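So the chains spell out like this:
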Amino acid sequence: MSQSLHRRTVLKCLVAAAASTAFGCHEDEPPVEDGRTHFPQSVASGDPRALSVVLWTRAVDPALPDADLALTLLVARDEAFEHLVLEETGLLASAAHDHTLQVKVTRLEPRTRYYYRFVVEKEGKRLGSPVGRTRTAPAYDAKTPVRFAVANCQDFRGRYYNSWHRLLQLDEDLDFVLFVGDYVYESDSSAVPSPDPARVVRFSDPGSALPRDLGGGRGELVAQSLSNYRDLYRTYRSDPFLQKVHERYPFIVVWDDHEFSNDCWDAHATYTDGRTEEFQPERRRNAELAFFEYMPLDTDAGAGVIDPEELPRYPDTRIYRDFIFGKHLRLFVTDYRTYRPDHLIPEDAYPATVAMDAAVLASLGLTGAFAADAFAYVNIDEFPAQRAVLRGAYVQLAVGGGLTAEEASMRAELLVKGNLALAYANPVLQAAAQPGAGPIGPAGKPRGLAFVHMGKQDLFSSIGARNVVIKDTFDVYAAWRYSTSGGEAQHALGKDQEAWLLAQLREGVSPQTWKVMASSVSTTSMIWDLRAKPDVEPPSVRNRYYFSVDQWDGFPDKRSSLMAELRERTDGHALVVAGDIHAAFASVEQGVPCLTAPAIASSAVQEEAGAAVEAAGFPPGSAVYRYVVTEQAATFREGNPGIAFVDTNAHGFTVVEVGPEEVKAAYHLIPSSEVDVDYGSRPGDLAASFSRSDFRVRPGGTIDAA
């Protein structure tokens, strides 16, 4: 976007001559000295295009920490800055934007490495930031291969960035780093123990943060104010290895949920699982502004300073965008969080509520599939004694879950009525053992599909709503919601973004060989199939489960439609790269290869599954725990034959090389148990802790080990 005249900077020196031409604007100027103390978060570059790139820094005068700071930007073809391309003065690291500054530099040359630094003049000295290097994208007709790293999920609290250290150690020749979300985690360190006082997150204004009850007497603070979110970015960017990666490579970044709030959708948080209303538009706007301040982002900005305040924020946000890297790569960076609808199963759904009654099942030709007694339901209003017992039980559970007695009673009257599944109601009635209000027989009763049949057991819980959902019944419900809503119930990308993506995939619009879609969440289907496991007890647990329906598994019909479009519109030259799930996957989903990069630093999905399974009453040693935790990778492979590679207990990153004939992918992995080990001064031990797995992606949707 064009910037206002009063915000424009003065071009001091612009060189259009050959790279060998040495040029200096002021030969009598003093040399640039080390001024790192004025640049506590160093420098960064982002969104490289053939003729432009965005350069970033945060600059503060330690003696005047609340003051704006005037800067000069130097860009050169060499690290010694003897061949200057640009010297731009009059730039301002404004306190109003947490002393950050972004400048879009244009009129550059394709596939060219540039060096840059910011300079502050103080007391007759020129104090410089660390020197950053960046590289523009290849020209549209360049036939060169393109290499990039895919990374995500870098929790700072009590963890070390060994993965970034390893990438630096390898010194990969990358065109860019693609960061697909969870650059920060929105919480402070209250709930995450850290033996290292340097690996903690503290809010400078904790009173403006949002308290979050984690249960069991545990709690934490989550970012709510603009100050809180800025604290997160300042803290994360203090890490020396993350700084050095930014200094070495341009980044292309998109957010996922933790840049705002875990498992969010639109401007809704999900911390209370439906106990309270969590529509938080102002919090969302604060999160977005901090993101725009700290990320070198080009959303069609004009040359010069980019003002974060001018970038549209919720509800007008748009950060999805695309990049062309020569003849072989068109990269589509999509936004999964901003426009998506709520999860299909509400976290506060009453498990007994019938979502699809007998008439609906009959209209779909599914009566026979749901003929078992387990799907019987009644209109509970015809059984007032049993309804009273169920309402009493609801109130007791809801109060135990944190509602007031008045709130619980109101919800009980609203929810405990109409068609209710006996699969949930009868165990409650049996446990209550009230005379005249016993269990209701299923004989002669209609059949329907209720939330309990999809795995919903508790009133306020992510289990059976966002996580660990029974696949086969959920798929039926999801398909029905998809068809009856005209697709709206699963519109993960929103209408405008999806229309943009499909339009760019039209024949002739994108002549590049490979079309790569970046998604913040995985498109790989993650299924636990326990149906043929006779040692799993009780038998009612022997189902197929989606591990997480906060991922694309939660929108199966929309994913199917999107994969078909990607496959058909690219003549088999499509690829999806993703993150978020804290595991490494390589799979083929409906003919489209999908690569999911592991977390940089977080908890591994194997650890998270273990905690969830234990909380559900299946301890280590149980058959369920063995299949879904200890043997999790094998179980995922059984549940999804399209998986070619999986590691659910490692961190790291993926290096991707896109060429004319194939795409190469290298997974660099370190055991998740090493995330709390500081290898900063032990590079040899770090290298020995990493493994590498290589794959080839070929046209037509195949992934083979290299």
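Residues numbered from 1 in each chain as written. Predicted model: local features only at pLDDT ≥ 70, side-chain atom pairs only at ≥ 80, totals over all residues. Heavy atoms only, no water.

Across its full length, the protein carries 15 helices and 34 strands. A globule of 706 residues ought to have a C-alpha radius of gyration of about 27 Å, and the protein, at 27 Å, matches this closely. If you line up the protein on its principal axes, its C-alpha atoms span 100 × 55 × 50 Å. Partitioning the contacts of the protein with sequence separation of at least 6, the portion at a separation of at least 24 is 74%. Split by element, the accessible area of the protein, about 26200 Å² in all, is 51% carbon and sulfur. Separation between the mean location of the 70 positive side-chain charges and that of the 96 negative ones in the protein comes to 3 Å. (Helix = DSSP H or I, 4+ residues; strand = E, 2+ residues; numbered from the N terminus. Rg over C-alpha atoms; globule rule 2.2 N^0.38 Å. Contact = heavy atoms within 4.5 Å. Areas by Shrake-Rupley, 256 points an atom, 1.4 Å probe, with all protein chains shown as cover. Lys, Arg positive; Asp, Glu negative; His and termini not counted. Charge placed at Lys NZ, Arg CZ, Asp CG, Glu CD.)

A separate point is the pairing of strand β3 (residues 43-46). Side-chain direction in a regular strand flips from residue to residue, so the side chains alternate between the two faces of the sheet. In β3, alternate side chains face the same way, and those of V43 and S45 on one face and A44 and G46 on the other are all buried. With four bridges joining them, β3 and strand β4 (residues 53-58) adopt antiparallel strand pairing. Note on β4: the bridge partner recorded for A44 is W56. (Buried < 20%, exposed > 50% of the residue type's maximum accessible area, 1.4 Å probe, protein only. Pairing = 2+ DSSP bridges.)

Take the environment of H491 next. If you trace the backbone, H491 turns up in the loop between α9 (471-484) and α10 (495-504). A relative accessible area of 10% places H491 in the buried class. Once the C-alpha coordinates of H491 and Y339 are considered, the two residues, 152 residues apart in sequence, prove to be 7.8 Å apart. Ignoring sequence-local partners within four residues, the contact set of H491 consists of Y339, R340, P341, E498 and K558.

This brings us to the sheet that holds strand β23 (residues 467-470). Here we have three strands laid out as an open sheet, ordered β23-β26-β25, and antiparallel in their pairing. Each edge of the open sheet is held by one strand with a lone partner, namely β23 and β25 (527-529). Strand after strand, the sheet turns through a mean of 25 degrees between neighbouring axes, direction not considered. One ladder, built from three bridges, connects β25 with strand β26 (residues 544-548); its direction is antiparallel. (Axes fitted to C-alpha atoms, helices over the stretch in contact; angles between N-to-C directions.)

For the rest of this paragraph, the subject is the side chain of Q280. Inspection of the secondary structure assignment puts Q280 in the loop between β15 (251-253) and α4 (281-294). Classification of Q280 as buried rests on a relative accessible area of 16%. Setting aside residues no more than four positions away along its own chain, Q280 makes contact with L210, F260, A267 and A269.

Time to look at unusual backbone geometry. Here the bond from Y314 into P315 is cis, since omega is 10 degrees, no more than 30 degrees from zero. Residue placement: P315 occurs in the loop between β16 (304-305) and β17 (321-325). The omega torsion across E537 and P538 is -5 degrees, close enough to zero to call that bond cis. Following the sequence through the fold, P538 ends up in the loop between β25 and β26. Although it is not a glycine, F81 sits at a positive phi angle of roughly 60 degrees. As for its position among the elements, F81 is in the loop between β5 (69-76) and β6 (84-93).

Before going further, it helps to examine the pattern of salt bridges. When the charged atoms of two side chains with opposite charge come close together, those side chains can pair. For the structure on display, the rule yields 53 salt bridges. One salt bridge connects R387 with D381, and the closest N-O pair in it is separated by 3.0 Å. E498 serves as the salt-bridge partner of K558, at 3.2 Å between the closest nitrogen and oxygen. Note that K558 is positioned in helix α11 (residues 556-569) and E498 in helix α10, a separation of 60 residues in sequence. Just as K558 is buried, E498 falls in that class too. (Salt bridge = Lys/Arg side-chain N within 4 Å of Asp/Glu carboxyl O.)

Relative to each other, α9 and α11 sit at 70 degrees, their axes nearing to 8 Å. Our classification of the angle between α9 and α11 gives roughly perpendicular. For the pair α9 and α11, contact is made by F474, D475, A478, A479 and Y482 and by P556, D557, K558 and S561, respectively. Classifying every residue of the contact of α9 with α11 gives five nonpolar, one polar and three charged. (Parallel < 35°, antiparallel > 145°, perpendicular 65-115°, else oblique. Nonpolar A, V, L, I, M, F, W, Y, C, P; charged D, E, K, R; others polar.)

Turning to the packing of aromatic side chains, a few remarks are in order. Under the counting rule described, the total for this entry stands at 31 aromatic pairs. Note on Y350 and Y394: the rings are 5.6 Å apart at their centroids and 75 degrees apart in plane angle, and the pair reads as edge-to-face. Taken together, the residues span a long stretch of sequence, with Y350 in the loop between β18 (329-333) and β19 (354-356) and Y394 in helix α6 (residues 384-400) at a distance of 44 residues. When sorted by exposure, Y350 lands in the same class as Y394, which is buried. Measuring from ring centre to ring centre gives 6.3 Å for F547 and F636, while their planes differ by 75 degrees; the resulting arrangement is edge-to-face. (Phe/Tyr/Trp six-rings, centres within 6.5 Å; stacked < 30°, edge-to-face > 60°.)

Next up on the list: the nonpolar core. With 91 residues, the main nonpolar core has W164, L178, L331 and L595 as its most contacted residues. Not counting the four nearest positions on each side in its chain, L595 is found in contact with L575, V576, V577, A578, F585, A586, V656, A665, Y667, V697 and I703. In terms of nonpolar packing, the next biggest core, distinct from the first, is built from 29 residues, A408, V416, L420 and Y424 among them. (Core = buried A, V, L, I, M, F, W, Y, C linked by side-chain atoms within 4.5 Å.)

Burial in helix α12 (residues 605-615) covers these residues: V605, Q606, A609, G610 and V613. Projected down its long axis, α12 carries its buried residues within an arc of 140 degrees, all on one side. The inward-facing, buried residues of α12 abut β25, β26, α13 (623-630) and α14 (632-639). Just downstream of α12 lies G617, where phi reads positive at about 100 degrees. (Arc of directions from axis to C-beta.)

Moving on to the side chain of D196. Considering the arrangement of structural elements, one finds D196 in the loop between β12 (176-179) and β13 (210-215). No salt bridge is formed by the buried D196, whose closest oppositely charged neighbour, R199, lies at an N-O distance of 5.6 Å. Polar side-chain contacts of D196 include one of 2.8 Å to the side chain of Y160. (Polar contact = N/O pair within 3.5 Å; in protein donor to acceptor, adjacent residues only side chain to side chain.)

Glancing now at the sheet that holds strand β29 (residues 592-596). Across the sheet, which stays open at both edges, the seven strands sit in the order β17-β18-β24-β27-β29-β28-β30 with mixed pairing between neighbours. Strands at the two margins of the open sheet, each flanked by one partner only, are β17 and β30 (643-647). The mean angle between the axes of side-by-side strands here comes to 20 degrees, regardless of whether they run parallel or antiparallel. Judged from the four bridges that link them, strand β24 (residues 514-518) and strand β27 (residues 574-578) form a sheet pairing that is parallel. Looking across to β27, one finds that A518 is bridged to V577. Relative to the sheet, α10 contacts β17, β18 and β24, its axis offset from that of β18 by approximately 175 degrees. Here α14 sits on the sheet and contacts β28 (584-589) and β30; the angle it forms with β30, its principal contact strand, is near 160 degrees.

This paragraph deals with α9. Between its terminal C-alpha atoms α9 stretches 20 Å, which fits the 20 Å expected from 14 residues at 1.5 Å a residue. For α9, the full list of buried residues reads K471, T473, F474, D475, V476, Y477 and A478. As for α9, its buried residues are in contact with β19, β22 (449-450), β23, β25, β26 and α11. Of the residues trailing α9, G486 is marked for its positive phi of about 65 degrees. (Expected span 1.5 Å × (residues − 1).)

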